[in-house]
Amino acid sequence: MTREQRRQQLIDVARGLFADRGLDGTSVEEIAAHAEVSKPVVYEHFGGKEGLYAVVVDQEVRRLHDAIFQAISRPHADPRSLIELGTLALLDYIEEEPDGFRIISRDSSPYAPGGTFQTILSSIGSRVEGLLAAQFDRRGFDPATAPLYSQMLVGLVALAGQWWVESHNQTTMTKPQVAAHLVNLAWNGMRNLHPDPVLRVAEGPLASGDNPA
C-alpha cells in the first residue's frame, strides 16, 4: 500500500471499531490487529487513537455537513421544498452511514476539532435561520424569533431520525414516510403559528402557585 492507502485503511478500520465500541472502548492494539499492521504504524500516521478518532469524526462531520448544505442551497426552491430536501438529506446520511452517525451522535470528545453532531446541527440551524427570518418578516412575525424556530426544526428532524434508525425492528415506516410525517408536523405547524404565543397555564391557577389538584 502507498502511505495514503494505508492511512485510509486505518481510518476505515477504526471507523467501524469506534462505531461499535466508542473511543474509550477501542484500543490501538485492536485497530492494528484489524488492519493487520503493527502498533507503531498507527502511531506513525495519527500519533495514537485520539488523533485517529479526530480524523474519523472530522470526516463524518464534513460528509453530513456537505450533504445537508447542498440540499438546502438549491436556488429558487420554495420554503417547503427546502424543509423536505434537508430532512431527506439527514435521513439519507443516517440510513446510509450508520457507523458514522453512531460516532458523531453518541460521542463527544475534545479530540474532535471538527465538531460533533450537536455543533453541526447548530450550524445547520444557523443556515435555516436566515430562510425563516425572511419568511417571518413577510408574514408579520418577529424575525428575532427565527433562531429559536430554526434550532427547533433541526432538532426535531435529528431526534426523529435517530429514533427511526434505532427502531428499525419495531417500525415498518420507510424513509419517505418518516420524512413526510416530519415535514407534515413542521410545515403545518409553521403555517399555523401564532405571532404572539403565550402559555395557557401561565394565566390559570399555576401562575399563582396554586395546586392544580
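Quick note: structure is the one above.
Residues numbered from 1 in each chain as written. Predicted model: local features only at pLDDT ≥ 70, side-chain atom pairs only at ≥ 80, totals over all residues. Heavy atoms only, no water.

Focus: the nonpolar core
Heads up, the rule is: Residues grouped as a nonpolar core are buried Ala, Val, Leu, Ile, Met, Phe, Trp, Tyr and Cys residues, joined through side-chain atoms within 4.5 Å. The classification of residues rests on relative accessible area computed with a 1.4 Å probe and restricted to protein chains. Under 20% of the type maximum is buried, over 50% is exposed, and intermediate values are partly exposed. Labels follow the DSSP assignment, with helices taken as runs of H or I lasting at least four residues and strands as runs of E lasting at least two, numbered in each case from the N terminus. The contact criterion used is simple: two residues touch if any of their non-hydrogen atoms lie within 4.5 Å.
Counting residues in each nonpolar core, the largest one holds 52 residues, and the members touching the most others are Leu10, Phe18, Ile31, Leu52 and Ile103. The element best represented in this core is helix α4 (residues 49–71), accounting for nine residues. Apart from residues lying up to four places away in sequence, Ile31 is in contact with Leu10, Val13, Ala14, Leu17, Phe18, Thr26, Val42, Lys49 and Leu52.

So, unusual backbone geometry
Non-glycine residue Glu36 carries a positive phi angle of around 60°. With respect to the element layout, Glu36 can be found in the loop between α2 (28–35) and α3 (39–46).

Notes on the environment of Val178
Tracing the chain through its elements places Val178 in helix α9 (residues 175–191). Of the residues examined, Val178 reaches a relative accessible area of 6% and is grouped as buried. Distance from Val178 to Val157, taken between C-alpha atoms, is 9.5 Å for residues 21 residues apart in sequence. With sequence-adjacent residues up to four places away left out, Val178 is seen in contact with Leu91, Trp164 and Met173.

Regarding the packing of aromatic side chains
Filter applied, for reference: For Phe, Tyr and Trp, where Trp contributes only its six-membered ring, two rings pair if their centres lie within 6.5 Å, and the inter-plane angle classes them as stacked under 30 degrees, edge-to-face over 60, or tilted in between.
Taken as a whole and judged by the stated rule, the model has three aromatic pairs. Judged by centre distance (5.2 Å) and plane angle (90°), the ring pair of Phe18 and Tyr53 falls under edge-to-face. Of this pair, Phe18 sits in helix α1 (residues 3–21) while Tyr53 is found in helix α4, placing the two residues 35 residues apart along the sequence. Residue Tyr53 is classed as buried on the basis of its relative accessible area, which comes to 1%. Through successive ring pairs, a cluster of aromatic residues spans Phe136, Phe141 and Tyr149.

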